[in-house]
Amino acid sequence: MAKLDYDALLGAVYFEAGDLPAATRTLQRVLAAAPDRPALWLYLAQALLKAERFAEAADAFAKGAPAAEGEPVLYGLWARAHLKAGAPQRALDVLRQGLVRAPGADLLRREAAL
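Definitions and limits used
Residues numbered from 1 in each chain as written. Predicted model: local features only at pLDDT ≥ 70, side-chain atom pairs only at ≥ 80, totals over all residues. Heavy atoms only, no water. Helix = DSSP H or I, 4+ residues; strand = E, 2+ residues; numbered from the N terminus. Rg over C-alpha atoms; globule rule 2.2 N^0.38 Å. Buried < 20%, exposed > 50% of the residue type's maximum accessible area, 1.4 Å probe, protein only. Contact = heavy atoms within 4.5 Å. Areas by Shrake-Rupley, 256 points an atom, 1.4 Å probe, with all protein chains shown as cover. Lys, Arg positive; Asp, Glu negative; His and termini not counted. Charge placed at Lys NZ, Arg CZ, Asp CG, Glu CD. Salt bridge = Lys/Arg side-chain N within 4 Å of Asp/Glu carboxyl O. Core = buried A, V, L, I, M, F, W, Y, C linked by side-chain atoms within 4.5 Å.

Looking only at helices and strands, the chain features 7 helices and 0 strands. The order of α-helices and β-strands along the chain, N terminus first, is α-α-α-α-α-α-α. The C-alpha radius of gyration computed for the chain amounts to 14 Å, which stays within 12% of the reference 13 Å derived for 114 residues, consistent with globular compactness. With 114 residues in all, the chain has 42% of them scored as buried. Intrachain contacts of the chain at a sequence separation of at least 6 include 40% that bridge at least 24 residues. When the accessible area of the chain is evaluated, it comes to approximately 6300 Å², of which 58% is carbon and sulfur surface. Seen as two clouds, the 14 positive and the 13 negative side-chain charges of the chain have centres 3 Å apart.

Written out as structure tokens, the structure reads:
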């Protein structure tokens, strides 16, 4: 387990440093062995979103949703991934879900209006 923990941290460091290919590879390897880490799915989702792999990013955001509770920015990014992947209805559904969990999130209201 220590190796997985090290690789998880390494994936997050790669992401923060802007090395999206290394972050994606590392996080995918960790998540293949330990898929029950929602926070890592969110790191992977953001790396995929920045790499313009929108459908994959939307799927990763869905798997990381438990760690996104009350974080309107993550719901906004998830919705954008769906929108860029050509799924506008799914984007609206994610924004509604985010508003249920963070009812005062003006960011999500603005995204839904756009």
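Next comes the rest of the description.
Quick look at the pattern of salt bridges now. Applying the stated criterion across every chain yields a total of 6 salt bridges. Its salt-bridge partner being arginine 29, residue aspartate 7 comes within 3.9 Å of it at the nearest N-O pair. Highlighted residues: aspartate 7 in helix α1 (residues 2-17) and arginine 29 in helix α2 (residues 20-33), separated in sequence by 22 residues. Since its relative accessible area comes to 46%, arginine 29 is described here as partly exposed. In this structure, arginine 96 engages aspartate 93 in a salt bridge whose closest nitrogen and oxygen atoms are separated by 3.2 Å. Residue arginine 96 and its partner aspartate 93 are located together in helix α6 (residues 88-101), separated by 3 residues, close to a single helical turn. Exposure remark for arginine 96: the relative accessible area of 47% places this residue in the partly exposed category. Judged by relative accessible area, which is 38%, aspartate 93 ranks as partly exposed. Connected via shared salt-bridge partners are Lys3, Asp7 and Arg29.

Of all hydrophobic cores here, the largest spans 29 residues; its most connected members are Leu44, Phe61 and Trp78. Where this core is concerned, the elements lending two or more residues are α2, α3 (38-50), α4 (54-64), α5 (72-84) and α6. Counting residues per element, this core draws most heavily on α3, at 7 residues. Among residues more than four places away in sequence, those in contact with phenylalanine 61 are Leu42, Ala45, Gln46, Leu49, Leu74, Leu77, Trp78 and Ala81.

Just distances and angles here, no functional claims.
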